Amino acid sequence: MKMNGRIFYKVCLIGLINGVLLGLIMKWVEMFSGKQVYKLLLNVDFLPLIGAVSWSEASLFFFHLLFSLAITFIYAYILLPLKIFRKWNKYALAFITIIPAIMLYFPLSALSKTEVVLPSDLTAFFLWTILHLFYGLFLPKAI
């Protein structure tokens with residue numbers, strides 16, 4: 001499937017806007033709830049090599065934005081060639097696409113070497129889920 005320049009631009013724009021909004025809202029939620037969902041979002045300390053480096057918050061946020069772009073491109077590459085996902089089905093595909101990011105809560109919180117939320121913290125999981133679902137609601141705007 002070939003992506004034209006207009007769609008490529010929209011996918012990049014939506015991926016970046018979604019990533020920035022998710023990060024900022026998670027930071028705000030963390031400040032007011034005390035649940036370290038933003039810290040979990042940016043955490044890479046469990047990854048070999050990358051986790052050994054003391055990254056700045058800006059660098060970690062940049063990694064988050066790259067991941068957001070990847071999710072948006074995956075969504076677009078699935079959606080564009082499949083005519084079944086048109087109109088409201090775009091939202092069903094967005095929901096399916098975002099489920100893995102929501103489920104990452106458990107391994108990310110369990111593998112983290114720094115203190116973040118516990119895998120059993122249902123309030124933090126609820127916040128993580130709601131914010132990622134809002135992220136998914138805007139994926140169809142990329143197409």
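For the structure itself, look to the data block above.
Fair warning: this is a prediction, and the values are worked out from it, not measured in the lab.

J.: Just to check I follow, could you spell out the packing of helix α3 (residues 57–79) against helix α4 (residues 89–103) for this structure?
T.: The relative placement of two packed helices comes down to the angle between their axes together with the axis-to-axis distance. Between α3 and α4, the shortest axis-to-axis distance is 10 Å and the interhelical angle comes to 140 degrees. Here α3 is positioned oblique relative to α4, judged by the angle of their axes. Between α3 and α4 lies a crossing of right-handed hand. Residues I71, Y75, I78 and L79 of α3 lie in contact with α4, whose contacting residues are K90, L93, A94, T97 and A101. When the residues that make up the contact of α3 with α4 are grouped by side-chain class, the tally is seven nonpolar, one polar and one charged.

J.: Explain the nonpolar core here, please?
T.: Note that soluble globular proteins tend to have their nonpolar side chains buried in a common cluster. Counting residues in hydrophobic clusters, the biggest one holds 31 residues, and the most contacted among them are M26, V37, L40, Y105 and W128. Among the secondary structure elements, those contributing two or more residues to this core are α1 (5–33), α2 (37–42), α3, α4, α5 (105–111) and α6 (122–137). Core analysis: the next-biggest nonpolar cluster, separate from the first, contains ten residues, V11, F73, L80 and A142 among them.

J.: How do you make sense of the packing of aromatic side chains when you look at a structure like this?
T.: To describe a pair of aromatic rings, you give the distance between the ring centres and the angle between the ring planes. Counted according to the given criterion, the structure contains eight aromatic pairs. Aromatic side chains Y105 and W128 sit 6.0 Å apart centroid to centroid with 55 degrees between the ring planes, which places their arrangement in the tilted category. With Y105 in helix α5 and W128 in helix α6, this pair connects stretches of sequence that are 23 residues apart. Just as Y105 is buried, W128 falls in that class too. Every member of this aromatic cluster is reached through a ring pair, and the members are Y105, F106, F125 and W128.

J.: Is there a simple way to explain the side chain of D45 in this structure?
T.: Inspection of the secondary structure assignment puts D45 in the loop between α2 and α3. Notably, D45 is buried but unbridged: the nearest opposite-charge side chain belongs to K113, and the N-O separation is 6.5 Å. Polar side-chain contacts of D45 include one of 2.7 Å to the backbone nitrogen of T114. Apart from the residues within four sequence positions on either side, D45 is in contact with G51, S112, K113 and T114.

Reading guide: rules and limits
Residues numbered from 1 in each chain as written. Predicted model: local features only at pLDDT ≥ 70, side-chain atom pairs only at ≥ 80, totals over all residues. Heavy atoms only, no water. Axes fitted to C-alpha atoms, helices over the stretch in contact; angles between N-to-C directions. Helix = DSSP H or I, 4+ residues; strand = E, 2+ residues; numbered from the N terminus. Parallel < 35°, antiparallel > 145°, perpendicular 65-115°, else oblique. Left-handed = near helix turned anticlockwise from the far one by under 90°. Contact = heavy atoms within 4.5 Å. Nonpolar A, V, L, I, M, F, W, Y, C, P; charged D, E, K, R; others polar. Core = buried A, V, L, I, M, F, W, Y, C linked by side-chain atoms within 4.5 Å. Buried < 20%, exposed > 50% of the residue type's maximum accessible area, 1.4 Å probe, protein only. Phe/Tyr/Trp six-rings, centres within 6.5 Å; stacked < 30°, edge-to-face > 60°. Lys, Arg positive; Asp, Glu negative; His and termini not counted. Salt bridge = Lys/Arg side-chain N within 4 Å of Asp/Glu carboxyl O. Polar contact = N/O pair within 3.5 Å; in protein donor to acceptor, adjacent residues only side chain to side chain.

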